[in-house]
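Working through the structure, step by step
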Amino acid sequence: MIDNNYDFTLIKAGLLVDGNGGNNLHKASVLIQNGVIKFVGNQESVVAPEGASVKVLDYGDKTILPGLIDCHVHLNGIGDGRVGNDLVTLPDEVLTLQSAKNARKHLYSGVTTVRDCGAKNNTTFMLRKAVEMGITISPRLILTGRPISIVGGHLGYFGEEATGEVECVKSVRKLIKQGADFIKITATGGSTITSLPFRPSFTKKEIQAITFEAHKMGKHVAAHCSSSEGIINSLDSGVDTIIHGYHVESDETFNYRPEITEKFIKNGAFLNPTLFQGRKTVEVLELKQNQGYLTRIESEMLETAKYRNEKISEIVSKMVSDGVQLACGSDASWTYYKTGDFQSEIFAHVSVGLSPMQAIVSATKDSARSCWIDDKLGTLSENKIADILVVDGDPTEDINNLRNVVDVISNGEVVDRENFI
Amino acid sequence: MRPSKKVVLASQIIDGTSMDPLKDHAVLIEGSNIVKIAKKIEIFQIVENQEYDLLDYTGFVLIPGMVDCHTHHNGFGDGRLGDEIAKIPDEILTLKSASNARVALFSGITTIRENGPKNKTMFRLRDSIQSGKEIGPRMNLCGSPVSIIGGHMGYFGGEVTGVFEVTRYVRSLIKEGADYIKITQTGGTTKTSSPLLPAFNLDELEAITKEAKKFGKLTATHCLSTEGIINSLDTGVDMVIHGVFKEPDGTDKFREDVAERLAESRAFVNPTLHVFRARAWEMEKLGLQRKLTKNEIKLFDQHRRNFDQRLIDCSKMIEMGVKVITGSDSSWGDYKLGNTIHETECINMAGYSNFQSFQSVTLEAAKALDMDNSVGSLEVGKKADMVVIKGDPLEDIGNLRNVFEVIFNGEIINRGSKDSNMSYIQSPP
Ligand SMILES: [Zn+2]
Ligand SMILES: [Zn+2]
């Protein structure tokens, strides 16, 4: 709710992390007008125009930073381990309810913007409409609607399978007409039963048709890539964000390919490595193992997941040290990774070589850049939308402090995180 | 693991069966059920040396979870017509319903009877609640009401014609999960319908009630005119909704003969008094902001007089022994869910004693839904649905609004912030 009684809101905090990655500002203030940041500086320098009425939110010694931007979520997901093939059997109404629930969890946990990377039919578009109607609340939604997939490809069950350049273009136009903010494609198979994770899906020509059409309309493209051929196809065709991005050959072996990294850097493409997803699976299965009820299939899953996590960490670390830029996206609530814990993925970025400050940038400014919203969001600076996270402690010193959420501010207004209606 | 036993203390326990509150008593909950109600000392003796949670509401009154026999979870309560609601996609109406369900529960309503949503929206919401993904009260559902073509709420998806179609439709509703069958036996606010005229022919209505009875399901009819009430009595309908006494020409005429039949039948009457008043309240509020137009003043007057008439008729029904229960009709018209007690207060105004009014939203309401074996009162063997309120409702029925805590299925409901729980409250002008 916008508080119309005041001309300005003035936020004071002991520490300000602006999201750009530079030095922190001590004893800082942010002046907000109509949900937009007007001025950022130290507490002495930031003052409202004389005569204006000001609402002051004094957070004492707490830290403020940009609201977190999770560039990879699945609002439809339940996060109880069920695979997409099962999830998709739920009716659209039920998945829309789940989406609203997840959206709220994101917001209450400090995520003020999410990019949804694939949902069934119109469910996320419906959620957005409901938010516009005032029925429910959510973070800012960057939506793709349904991911574009080949016939039988990964996430094809969500309802947007296309073949050939013309159909691909048609899918892009249809999604944009429905309100898509970006286009998600699956450039390799994945967990979808009928798909092949270690093989490419679309041809380069098809991907090019998609990126051309999307870019023409001012929309970016993100591609799910579980293996190397898909990454190369995508980067060669102008895809803007590579999701997962694991260097895996068609025989399932991990093999770091320097040319992939070169292409990333040349294109300025982002990598969203979704590191915690696999680690969460291990966490859940190990807990089950300790409790002594792991099925044989699950114990095989556990071994595979452990091996893959290790290899993925190695490869992503190498990509990072070779200069690939990361955008932080959780992939929650896919498989076991429940919504509301984006922080775990940010921490995972630290584990592959980012400093806490760099990890924060990957979840704010760079995440905004990868979503093409950095003109309005991602940093605490003038003329940006006032989406602000207040935490206790300095997260650039100890990244775990990101979990100590004190307040979430969206559009300049404090979110009632105890509103369950 | 938390212990599954809970001992609930309160200064007064009004169990719903007796006018005399229990003092120095406690309720023992195990899992989701009430297993014992007795003197505190006795209860503490039972749980001695056992693990249990103590819920101490000393200073408060403990009552059964309340039952609202008439809700529209799809609705907004902002004055918009059903014709408009029906245009909204099912996914969005399901979201609205989920929010309304939480509001109902947070306001102390632990059981609802839904009276008409679009398509399968409420079934889908209940799926989500039953699989643990959402929370909401116990639901007694009907699916889309059975309507004639162009009849009231036909836009929700239940238009059928003739004995064959109505029978098939009843079966399909039961297959979907309907707990009872709602029929719109006169027109209503639906633009294409005629509130003063009956909807189904007797053979159709009889086929519906017969088919429902065969499966052990109750029936309820929406009746905005006398002829509809008579049809309902003739075919053994279990609940008459609105129960408006109006002649085909629109004149108000209380029919004592019909009221007598109602009193003698097993049917309950859900008079939905406040929903008529809610419109008047909103217009009065508007009038405080700006000058009403001539036409608005005329309408305001009409609504006020209509409410007064309904109140008088309800008083007469009560005097004649008709069983009246609380069914709010929210969020229909201008009446928002979370404000059920406005309706209970109207029934109180119509002549029910405080205790009768209390029962109209607890045990009697549960009886009307045929759910009194599990809810409606605090008795051993029933579900541990209870509300902790401040102030004695038998002194002032309005105290039912002062909800301090809601316990549903043996668990305390986290109702969230105070601010958010103020957001749905509708106050008089
Ligand atoms: Zn994903
Ligand atoms: Zn109704």
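Presented here is a report on the structure given in the accompanying data block. Since the structure is predicted, the reported quantities are computational estimates derived from the model, not experimental observations.

As for the sheet that holds strand E14 (residues 403–408) of chain B
Residue and element names in this part refer to chain B. On the basis of which strands lie adjacent, the open sheet formed by seven strands has the order E3-E2-E1-E4-E13-E14-E15 and mixed pairing. A single partner strand is all that each edge strand has here, and the edge strands are strand E3 (33–39) and strand E15 (411–412). Summarising the sheet, strand E2 (residues 25–30) and E3 pair through six bridges and their orientation is antiparallel. Directly across from Ala26, in E3, lies its bridge partner Ala38. Packed onto the sheet, helix H1 (residues 40–47) meets strand E1 (5–13), E2, E3 and strand E4 (53–64) and runs at close to 125 degrees relative to E3.

Section: the layout of surface pockets
Residue and element names in this part refer to chain A. Approximately 1100 Å³ is the volume found for the second largest pocket. Surrounding the second largest pocket, 37 residues form its lining, Gly190, Ser191, Thr281, Arg308 and Thr335 being those nearest its centre. Listed by contribution, the elements that provide at least two residues to the lining of the second largest pocket are helix H8 (275–290) and helix H9 (296–321).

Comments concerning the interface of chain A and chain B
The interface of chain A with chain B comprises 24 residues on the first partner and 31 residues on the second. Taking both sides of the interface into account, the surface hidden between chain A and chain B amounts to around 2200 Å²; carbon and sulfur atoms contribute 70%. Interface area lost by chain A to chain B is led by Glu93, Leu97 and Ile421 of chain A, which between them contribute 33%. The interface formed by chain A and chain B holds zero salt bridges in total.

A few points about the packing of aromatic side chains
Enumeration according to the criterion identifies 11 aromatic pairs over all chains in this entry. Aromatic pair Phe158 of chain A and Trp334 of chain A: ring centres 6.3 Å apart, planes at 80 degrees, arrangement edge-to-face. Pair noted here: Phe158 of chain A is in the loop between strand E8 (140–143) and helix H4 (164–178) and Trp334 of chain A is in the loop between strand E13 (325–326) and helix H10 (342–351), with a separation of 176 residues, a long-range link. Like Trp334 of chain A, Phe158 of chain A is buried. Aromatic pair Phe60 of chain B and Phe404 of chain B: ring centres 4.2 Å apart, planes at 25 degrees, arrangement stacked. Pair noted here: Phe60 of chain B is in strand E4 and Phe404 of chain B is in strand E14, with a separation of 344 residues, a long-range link. Note on Phe60 of chain B: relative accessible area 14%, which makes it buried. Taking relative accessible area as the criterion, Phe404 of chain B reaches 41% and is therefore assigned partly exposed.

Things to note about the environment of Arg261 of chain B
Residue and element names in this part refer to chain B. Along the chain, the position of Arg261 falls in helix H8 (residues 256–264). Given the relative accessible area of 36%, Arg261 is considered partly exposed. Each C-alpha atom, one on Arg261 and one on Arg305, is 26 Å from the other, the two residues being 44 residues apart in sequence. Those residues within four positions of Arg261 in sequence are excluded, and the remaining contacts are Ile230, Leu233 and Asp234.

Conventions and cut-offs
Residues numbered from 1 in each chain as written. Chains lettered and ligands numbered in written order. Predicted model: local features only at pLDDT ≥ 70, side-chain atom pairs only at ≥ 80, totals over all residues. Heavy atoms only, no water. Pairing = 2+ DSSP bridges. Helix = DSSP H or I, 4+ residues; strand = E, 2+ residues; numbered from the N terminus. Contact = heavy atoms within 4.5 Å. Axes fitted to C-alpha atoms, helices over the stretch in contact; angles between N-to-C directions. 1 Å grid on protein atoms, 1.4 Å probe; cavity = no way out; pocket = protein on both sides within 12 Å on 5 of 7 lines; lining within 4 Å. Points joined across faces, edges and corners; volume = space filled by probe spheres on them. Buried area = accessible area lost by both parts, 1.4 Å probe. Salt bridge = Lys/Arg side-chain N within 4 Å of Asp/Glu carboxyl O. Phe/Tyr/Trp six-rings, centres within 6.5 Å; stacked < 30°, edge-to-face > 60°. Buried < 20%, exposed > 50% of the residue type's maximum accessible area, 1.4 Å probe, protein only.

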